[in-house]
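What follows is the residue order along each chain.
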Amino acid sequence: MPRNVEPTVVSMNPAQVKAAGQSAESLGAQLPQGKIELNQATDQASAGLRGTATLAALDACTTSWNAVIDRLAADMDNQGRNLVTSADNVSTANGSVADSFRTINAQP
């Protein structure tokens, strides 16, 4: 026996989604500055570690962190761009549907 299932209502505020996407893109653009600061700190620490096994470990760690920061920056940029595009597409679709309803309502 089938059950009565209430429809799920999904809504999205395009302006809020677009703002979130722009924020993600902005954050992604700021991440490379973190790499600069990381590398500067590593360079300073390296001077006192020459000839030690710790230097090699520090270099490996720095290389890994740089790769993680690069991936995170790219992901933030891509996801932010996707959110902005989605919000723009929803706004366009909403406008198109509204125009269609206006056209239908204007017909005798």
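Computed from a predicted model, the values in this text were never measured in an experiment.

Attention shifts here to the side chain of asparagine 66. By the secondary structure assignment, asparagine 66 is in helix H2 (residues 53–106). The residues touching asparagine 66, leaving out its near neighbours within four places in the chain, are Lys35, Leu38 and Asn39.

Between helix H1 (residues 14–47) and H2, the least distance of the axes is 7 Å, while the angle of their chain directions is 170°. If you check the angle between H1 and H2, you find them roughly antiparallel. Here the hand of the crossing between H1 and H2 comes out left-handed. Residue composition of the contact of H1 with H2, grouped by class: 19 nonpolar, 12 polar and eight charged.

What follows concerns H1. Taking 1.5 Å of rise per residue, the 34 residues of H1 would be expected to cover 50 Å, and the 51 Å separating its terminal C-alpha atoms lies within 8% of that figure. Every buried residue belonging to H1 is among Pro14, Gly21, Ala24, Gly28, Leu31, Thr42 and Ser46, and all of these are buried. Residues of H1 that are buried in the fold lie against H2. Near the N-terminus of H1, the side chain that reaches the backbone nitrogen of alanine 15, with its oxygen 3.0 Å away, is that of asparagine 13.

The rules we used
Residues numbered from 1 in each chain as written. Predicted model: local features only at pLDDT ≥ 70, side-chain atom pairs only at ≥ 80, totals over all residues. Heavy atoms only, no water. Helix = DSSP H or I, 4+ residues; strand = E, 2+ residues; numbered from the N terminus. Contact = heavy atoms within 4.5 Å. Axes fitted to C-alpha atoms, helices over the stretch in contact; angles between N-to-C directions. Parallel < 35°, antiparallel > 145°, perpendicular 65-115°, else oblique. Left-handed = near helix turned anticlockwise from the far one by under 90°. Nonpolar A, V, L, I, M, F, W, Y, C, P; charged D, E, K, R; others polar. Expected span 1.5 Å × (residues − 1). Buried < 20%, exposed > 50% of the residue type's maximum accessible area, 1.4 Å probe, protein only. Polar contact = N/O pair within 3.5 Å; in protein donor to acceptor, adjacent residues only side chain to side chain.

Note that every value here comes from positions in space, so none of it alone points to a role or purpose.
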